[in-house]
Amino acid sequence: MRDLLEKALNKGLSVNFSNENGFAVIRINKGEEVVASCSLGAANFRSSVEESLQSLLMDLDRKGI
């Protein structure tokens, strides 16, 4: 997961993890703007976070962010 976080930081993005209504949420910001986010289910947290973060970063790459 460290490499995914480094990739985001190298692009000038910030990654925030929170817990909202009992669900883990990942948000990727560029400055103050949220450019991607997702909510995770109750599966294995570590694998869910890595897969979701990788998916969000790939989507942002496709969008040119």
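Quick look at the structure, then. These figures come from a predicted structure and were not determined experimentally.

1. Quick notes on the pattern of salt bridges
At step 1: Counted under the stated rule, the structure contains 4 salt bridges.
At step 2: Taking the shortest distance from any N to any O, the salt bridge between R27 and E20 comes out at 2.7 Å.
At step 3: Exposure remark for E20: the relative accessible area of 34% places this residue in the partly exposed category.
At step 4: Through salt bridges with shared partners, a single network forms among K7, K11 and D61.

2. Regarding the pairing of strand β3 (residues 33–39)
At step 1: Pairing analysis gives 6 bridges linking strand β2 (residues 23–30) to β3, with the strands arranged antiparallel. When the sheet's bridge partners are listed, I28 is paired in β3 with A36.

3. Structural notes on the nonpolar core
At step 1: Among the nonpolar cores identified, the biggest contains 16 residues, and L13, I26, I28, L53 and L57 are the most heavily contacted of them.
At step 2: Of all the elements in the fold, those that place two or more residues in this core are α1 (2–10), β2, β3 and α2 (45–63).
At step 3: At 5 residues, the largest contribution of residues to this core is made by α2.
At step 4: In this structure L13 touches A8, I28, N29, K30, V35, L57, L60 and I65, once residues within four positions along its chain are discounted.

4. Here we look at the environment of L4
At step 1: Mapped onto the elements, L4 comes out in helix α1.
At step 2: For L4, a relative accessible area of 11% translates into the label buried.
At step 3: A C-alpha to C-alpha distance of 24 Å links L4 and G22, two positions 18 residues apart in sequence.
At step 4: Residues in contact with L4, not counting those within four places in the same chain, are E50, L53, Q54 and L57.

5. What about the side chain of S52?
At step 1: If you trace the backbone, S52 turns up in helix α2.
At step 2: Classification of S52 by relative accessible area gives buried; the value is 18%.

6. A closer look at the environment of V34
At step 1: Following the sequence through the fold, V34 ends up in strand β3.
At step 2: For the pair V34 and N16, spaced 18 residues apart in sequence, the C-alpha to C-alpha distance is 10.0 Å.
At step 3: Each residue touching V34, except ones within four places of it in the same chain, is listed here: R27, I28 and N29.

Conventions adopted
- Residues numbered from 1 in each chain as written.
- Predicted model: local features only at pLDDT ≥ 70, side-chain atom pairs only at ≥ 80, totals over all residues.
- Heavy atoms only, no water.
- Salt bridge = Lys/Arg side-chain N within 4 Å of Asp/Glu carboxyl O.
- Buried < 20%, exposed > 50% of the residue type's maximum accessible area, 1.4 Å probe, protein only.
- Pairing = 2+ DSSP bridges.
- Helix = DSSP H or I, 4+ residues; strand = E, 2+ residues; numbered from the N terminus.
- Core = buried A, V, L, I, M, F, W, Y, C linked by side-chain atoms within 4.5 Å.
- Contact = heavy atoms within 4.5 Å.

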